[in-house]
Amino acid sequence: MTRTVVVITAGLSVPSSTRLLADQVADAVSAQVGARGEAVRLEYVELRELAGDLASYMTSGGVPTARLSEVRDLVSSADGMIAVTPVFTASYSGLFKMFFDALDTDALNGMPVLIAATAGTARHSLVLDHAMRPLFAYLRAVVVPTGVFAATEDFGGTTDLAARITRAAGELAGLVVGTDHVAGFGPDAGGRRTTRTSGTDVGPVTDFAELLRGHAG
């Protein structure tokens, strides 16, 4: 079986340390899923490429563009997620928050999520537990125990970054492979299935004038 893991990366520059960390984590997750006898398809979402779509969504009363609708559908149907953000002002970036604000409230129900962040110094590492975990807990995702934080010095190969990535990747792979996936569903803590929705399909649109005539009648 092939599992789908969506990789959300909020780096702003090209190249960026955020994308570098996302690639390292994604490679480790792919290896861990493969070691469990299954394949994985990685779908990358670069949020800097969606900046205009997200701004339009926020200023249009919540009407997504075609591109944003595609990404929302991709996210809600995935088996798992890797979410990586740079740290700005002691928290996740504004672009990162805009993206998750643009998802349906049921988009991540029961979804296994690995959180990761980058910053210039290690003093920002608490962003994982004090900002990112509460965000995903609110969205009812299942966040793996090990988060991955990388300061600039961690990319020099002299720290335990690789070990942390491997541990977190194993935790995510275990949850992804341990789920009998049905698109749009995820397990809750009690083993039942909870529906995930992208919020893109809003159903038939009623003409406002027609609505008023029906109310007057």
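Residues numbered from 1 in each chain as written. Predicted model: local features only at pLDDT ≥ 70, side-chain atom pairs only at ≥ 80, totals over all residues. Heavy atoms only, no water.

### Re the side chain of Asn109
Along the chain, Asn109 falls in the loop between helix H4 (94-101) and strand S5 (112-119). For Asn109, the side chain forms a polar contact with the side chain of Asp106, separated by 3.4 Å. (Helix = DSSP H or I, 4+ residues; strand = E, 2+ residues; numbered from the N terminus. Polar contact = N/O pair within 3.5 Å; in protein donor to acceptor, adjacent residues only side chain to side chain.)

### Section: the packing of H4 against helix H5 (residues 127-138)
Relative to each other, H4 and H5 sit at 10°, their axes nearing to 12 Å. The orientation of H4 with respect to H5, classified from their angle, is roughly parallel. Contact residues: Phe96, Lys97 and Phe100 in H4; Met132, Leu135 and Phe136 in H5. Taken together, the residues of the contact of H4 with H5 sort by class into 5 nonpolar, no polar and 1 charged. (Axes fitted to C-alpha atoms, helices over the stretch in contact; angles between N-to-C directions. Parallel < 35°, antiparallel > 145°, perpendicular 65-115°, else oblique. Contact = heavy atoms within 4.5 Å. Nonpolar A, V, L, I, M, F, W, Y, C, P; charged D, E, K, R; others polar.)

### Some points on the pairing of strand S3 (residues 80-88)
Every regular strand shows the same layout, with side chains that alternate between the two sheet faces. Of all 9 residues making up S3, 8 are buried, and the element is well covered by its neighbours. Relative to S3, strand S1 (residues 2-9) runs parallel, the two being bridged by 5 bridges. In the sheet register, Thr9 faces S3, and the bridge partner there is Val84. Alignment of S3 against S5, held across 6 bridges, turns out to be parallel. Bridged to Pro86 within S5 is Thr118. (Buried < 20%, exposed > 50% of the residue type's maximum accessible area, 1.4 Å probe, protein only. Pairing = 2+ DSSP bridges.)

### Focus on unusual backbone geometry
Cis geometry marks the peptide bond from Val14 to Pro15; its omega dihedral reads -5°. Examined against the element boundaries, Pro15 turns out to sit in the loop between S1 and helix H1 (17-35). Positive phi outside glycine occurs at Thr89, with the angle close to 50°. Backbone geometry at Arg140 places phi at a positive 65°, although glycine is not the residue there. Assignment of secondary structure puts Arg140 in the loop between H5 and strand S6 (142-143).

Just geometry here; none of it tells us what the structure is for.
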